[in-house]
Amino acid sequence: VLLEGMVPNYATKISAAADANLVSGINVVENNIKVQFPVTSNLPDDREITENAKNQLHWNSKIVSGKIEVDTKDGIVSLSGKTDSLWEKNEAENIISEVYGVVGVVNKLEVELSRSVQDLDIEQDIRNSYERSILINENKIDIKVRQGTVHLTGSVANYPIKKEAIDIATYTKGVINVVGDITIE
């Protein structure tokens, strides 16, 4: 599915792609939607967007924002620095997507683990979580872990199951990246 058109903010653009992925039979979504703020809007400049983005990160109790740098150019916010987990990296991007005036986010955050976790432990934790999931048939997904990067392959029935499998890996302690090469049957 190819998404095109205009929306009034970046969060709506991201939401449209997520909604499209939930439609039965959709395997791939290409999001070419453009963000166009209403003409009557008084848009913040890049400096104000950067300041607002920093404040939103600082005020959010889910993440530690002290190691995150924010820069904005033409409404596109770039995140750099370090986070303690992959989910925290993703959450920082989600927080920024809600800031008024943002038209895009470039997430260059690196995951810096506070302690070493063995690849075999990560793989076993993911397998155990898949076994507990009512949605996932753990025999249909292959898990490979190398230096904290999880590579998932195999096939599932629909996008919600694929998302569940990727989310479980993303929230597993010690994971620094997830490559979700799971196909939809």
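Before going into details, it helps to say that this report is about the structure given with it. By convention here, each chain's residues receive numbers from 1 onward along its written sequence. Local features in this predicted model are restricted to residues of pLDDT 70 or higher, and side-chain atom pairs are both shown and tallied only at a pLDDT of 80 or more, whereas totals for entire chains, interfaces and linings draw on every residue. As a convention, hydrogens and water are excluded, and side-chain values are obtained from all of the structure's heavy atoms.

**Concerning the pattern of salt bridges**
Each reported salt bridge corresponds to a side-chain nitrogen of Lys or Arg within 4 Å of a carboxyl oxygen of Asp or Glu. Going through the model one piece at a time under the given rule, you end up with eight salt bridges. With a shortest N-O distance of 3.2 Å, K82 and E110 are connected by a salt bridge. Separated by 28 residues along the polypeptide, K82 in strand β6 (residues 76–83) and E110 in strand β8 (residues 110–111) bring together distant segments of the chain. The classification of residues rests on relative accessible area computed with a 1.4 Å probe and restricted to protein chains. Under 20% of the type maximum is buried, over 50% is exposed, and intermediate values are partly exposed. Residue class for K82 comes out partly exposed when judged on its relative accessible area of 28%. Linking K140 and E185 is a salt bridge whose minimum nitrogen-to-oxygen distance equals 2.4 Å. Think of it this way: any DSSP run of H or I at least four residues long counts as a helix, any run of E at least two long counts as a strand, and we number them from the N terminus.

**Side note on the pairing of strand β9 (residues 141–146)**
Across the two faces of β9 the burial differs, with I141, I143 and V145 buried and D142, K144 and R146 not buried at all. Between any two strands, at least two bridges found by DSSP are needed for them to pair. Connecting the antiparallel pair β9 and strand β10 (residues 149–156) is a turn made up of two residues, with Q147 showing a positive phi of about 50°.

**A look at helix α5 (residues 159–170)**
Working note: α-helix, 3.6 residues per turn, so residues spaced by three or four point in the same direction. Take the residue count of a helix, subtract one, and multiply by 1.5 Å to get its expected span. Taking 1.5 Å per residue as the helical rise, α5 with its twelve residues ought to reach 16 Å, and the 16 Å between its terminal C-alpha atoms agrees with that figure. Buried residues of α5: Y159, I161, K162, A165, I168, A169 and T170, and no others. A contact between two residues is defined here by any heavy atoms of the two lying within 4.5 Å. Summarising the contacts, the buried residues of α5 are in contact with α1 (10–21), α3 (86–97), α4 (119–132), β9, β10 and β11 (177–184).

**A look at the pairing of strand β7 (residues 104–107)**
On a regular strand, one side chain projects to one face of the sheet and the next to the other, so that they alternate. Where β6 and β7 come together, four bridges link them in parallel fashion. Residue pairing in the sheet places L79 in a bridge with N107 of β7.

**Quick word on the sheet that holds β10**
In space, the three strands of this open sheet follow the order β9-β10-β11, with mixed pairing throughout. Two strands close off the open sheet at either side, each with one partner strand: β9 and β11. Strand-to-strand, the axes of this sheet are offset by a mean angle of 10°, without reference to chain direction. For β9 and β10, the ladder comprises six bridges, and the chain directions are antiparallel. Its bridge partner lying in β10, K144 is registered against H151. With axes taken as lines fitted to C-alpha atoms, and helix axes fitted only over the stretch in contact, angles between N-to-C directions fall between 0 and 180 degrees. Most of the contacts of α5 go to β11, to which it runs at about 160°, and overall it touches β9, β10 and β11.

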